[in-house]
Amino acid sequence: MEHWQISMLIMVLYLVIALIVGVMAGRGTNKASLEEFTTAGRGLGLFLTWFLMGGAIFSAFSFLGAPGWAFTRGAPAFYILAYLAFSLLPWYIIGPKIGRIGRKFNLYSMVGFLQTRFRSKALGILVGFIAFFACIQYLATQLRGMAIIFNLMTEGRIAFWFGALVAYAIVVTYVATGGLRAAAWSDVFQGALMITVSWVIGIMIVKKMHGTTTEMFSKIAAADPDFLRIGVEGSTMSTTAFTSVILVSVIGFLMWPHMFARSYSSNAVTIKKTVIAYPLFALLIIPLLLAGFAAVGVVNVSAVGESDQILPYLITTFLSLPGWLYGLVGAAALAAAMSSADVITHSASMEFTDGVIKNMFPNLSDKVTLLIMRSAVVLIGALAYCIAVFGGQGVVALLLGAYGSIIQFTPGVLSALYWKRVTTQGVFTGIVAGFVVNLYFQLFATTTPFEIHPGLIGLIANTIVMIGVSYMTKPDTSSVVESYVNDQKKTKPIKGNNTTPEASIYTYQS
Amino acid sequence: MSVRSFRTYYIIISTLLFSTVLFPIFTFGNKAYPLILGLPYSFFWIILWIVITFIAVLILYFIDPDKEEV
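Residues numbered from 1 in each chain as written. Chains lettered and ligands numbered in written order. Predicted model: local features only at pLDDT ≥ 70, side-chain atom pairs only at ≥ 80, totals over all residues. Heavy atoms only, no water.

## Some remarks on the interface of chain B and chain A
In this assembly, 38 residues from chain B lie in contact with 42 residues from chain A. At the boundary of chain B with chain A, total buried surface from both sides reaches about 3600 Å², with 77% on carbon and sulfur atoms. Linking chain B with chain A are one salt bridge. Of the charged contacts in the structure, one is a salt bridge between Asp64(B) and Lys272(A), with a shortest N-O distance of 2.9 Å. Remark: the boundary between chain B and chain A carries six residue pairs in polar contact (both at pLDDT 80 or more). (Contact = heavy atoms within 4.5 Å. Buried area = accessible area lost by both parts, 1.4 Å probe. Salt bridge = Lys/Arg side-chain N within 4 Å of Asp/Glu carboxyl O. Polar contact = N/O pair within 3.5 Å; in protein donor to acceptor, adjacent residues only side chain to side chain.)

## A look at the nonpolar core
Counting residues in each nonpolar core, the largest one holds 191 residues, and the members touching the most others are Phe113(A), Phe293(A) and Phe43(B). Residue contributions to this core peak at 19 residues, all from helix α8 (residues 121-153) of chain A. With residues near it in sequence (within four places) discarded, Phe293(A) still touches Ala70(A), Gly74(A), Ala75(A), Phe78(A), Met216(A), Phe217(A), Ile220(A), Phe227(A), Leu228(A) and Phe43(B). (Core = buried A, V, L, I, M, F, W, Y, C linked by side-chain atoms within 4.5 Å. Buried < 20%, exposed > 50% of the residue type's maximum accessible area, 1.4 Å probe, protein only. Helix = DSSP H or I, 4+ residues; strand = E, 2+ residues; numbered from the N terminus.)

## So, the state of the cysteines
One way to say it: the disulfide is the covalent bond shared by the sulfur atoms of two cysteines. Residues and elements named next belong to chain A. This model, assessed by the stated rule, comprises zero disulfides over all chains. There is no disulfide at Cys 135, and the cysteine sulfur nearest it, in Cys 386, is 17 Å away. Cys 135 sits in the buried class, given a relative accessible area of 1%. (Disulfide = S-S within 2.5 Å.)

## Some details on the packing of helix α22 (residues 410-418) of chain A against helix α24 (residues 454-472) of chain A
Geometry of a packed helix pair, given as the angle between the helix axes and the separation of the axes. Residues and elements named next belong to chain A. At a minimum axis separation of 9 Å, α22 and α24 run at an interaxial angle of 40°. As summarised for this structure, α22 and α24 are arranged oblique, according to the angle between their axes. Between α22 and α24, the residues in contact are Thr 410, Pro 411, Gly 412 and Ser 415 and Leu 459, Asn 462, Thr 463 and Met 466, respectively. Class assignment for the residues of the contact of α22 with α24 results in three nonpolar, five polar and no charged. (Axes fitted to C-alpha atoms, helices over the stretch in contact; angles between N-to-C directions. Parallel < 35°, antiparallel > 145°, perpendicular 65-115°, else oblique. Nonpolar A, V, L, I, M, F, W, Y, C, P; charged D, E, K, R; others polar.)

## Thoughts on the packing of aromatic side chains
Considering all chains together, one arrives at 34 aromatic pairs over all chains under this definition. With 4.6 Å between their ring centres and 15° between their planes, Tyr92(A) and Tyr10(B) make a pair best called stacked. Note that Tyr92(A) is positioned in helix α6 (residues 91-105) and Tyr10(B) in helix α1 (residues 3-19), a pairing that runs across two chains. In this structure Tyr10(B) comes out as buried when scored by relative accessible area, which is 1%. Where Trp256(A) meets Tyr403(A), the ring centres are 5.5 Å apart and the plane angle is 90°; that geometry is what we call edge-to-face. Pair noted here: Trp256(A) is in the loop between α12 (239-253) and α13 (257-260) and Tyr403(A) is in helix α21 (residues 395-406), with a separation of 147 residues, a long-range link. (Phe/Tyr/Trp six-rings, centres within 6.5 Å; stacked < 30°, edge-to-face > 60°.)

The structure is reproduced here in structure tokens:
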């Protein structure tokens, strides 16, 4: 057999196993339960939570984007490592609180969280739409990544559009049938595969091309020491750009609906233990950066095409490694992309249904809601597929663009938790202002002041508008404000009084 | 230690640790040389602070008055 055939065989095998694991995990749980589909019955243990959160570290972005940045840009690629390691720290404080509020009001989405606190349909719809579009962009990065992998690992035999289609069909199948628990169990399988393969391949590439990392970096530094620094003459990124891109990613990370929803599905101890382990999880991507650096000065940038393709290029073309090996790398990269794709699809469908559909058609039964959520999974996939195949941006650019929108939820969420004086109007206008400013700088302006990330400028506008408008409008005196901001730990159940949630999203509407 | 003062400590310590990878503090790590453990100094600096952060949060967890909460 030829290399590409072996490689394709392994990737297909991987897809079959992933599908079986996902579908099996969904069995035995209550299929018709909305609670199970959305939060896995609020009982995901430490092991599954670790893999679900860890799955977010390994994505198409870290498998293709990280080596690509290290290869073409050098030191700025460290931002990926930095933001992943620090991104979960705020969760230690806000995660358990969001979890308690979630249990109290029976919430499972970001939309539900904000809408219950601010009691505004318009806000729910706004948040639902922004989350929906940001998630689609994120999903498009994963699909694009999968398509690149399929294409390059079979030496061009699987067309870009077809590869994305196949992988996505599988994600849709198991998310729609199994819900969160299916996604979590596939992540365990995929996580193990990704970690092993990325370390083996990273070390192997460095060893084959340079011997040791010391030799490799000596050569790079000797040729151009500024390649390994940030914000100096000849460096590819300014200091403010580096700092603001890390800030945006860290602030935005927990505002992703799929990250936010983890607060609901895990208890406080699990959340805290996940935060502790997370910096170490981030270190797992080091070999992928090393693989990108290995190509610096050896491979000609123009020979690769796009920088995202450097890792597959090294394996298939430059090093001519055996077919089974690039099949394995392909499977691992697919795993990385799919483990991110499944949770994001799951969350996007939830936010969309909760924010947009439920507010427009308020009298839906749980059964219908569940059906709509499952159909939304298919729709979201289709839209993301179109962006991935017909839109032309790189993996990193796509993702950073999405971060700019998602970060706009931060002021609203934080003040929902800690600031009593904030008002519904303040949050609403803040999000609109931030979103518009971000969009303006991303789409229409050619540069931003001091090369600050557009999302961060939006965030500043957002915060100022939110605080200003809040003080200009009447304070919110509803009891729900009290129960969010002054939420205490261990709300000990009073006998026979705790079986139903205190209030639901509808209690405060009208 | 009360829950409230633990929270303050946690926020201050994690912000300080985070700032090591941001400018202006990252200026101290922003060099290609010397190579340490086979890595450029800038790369090594970031990894070092990630490891320190892991240890710091682990210690914080052990003094967290609230850690048995369910």
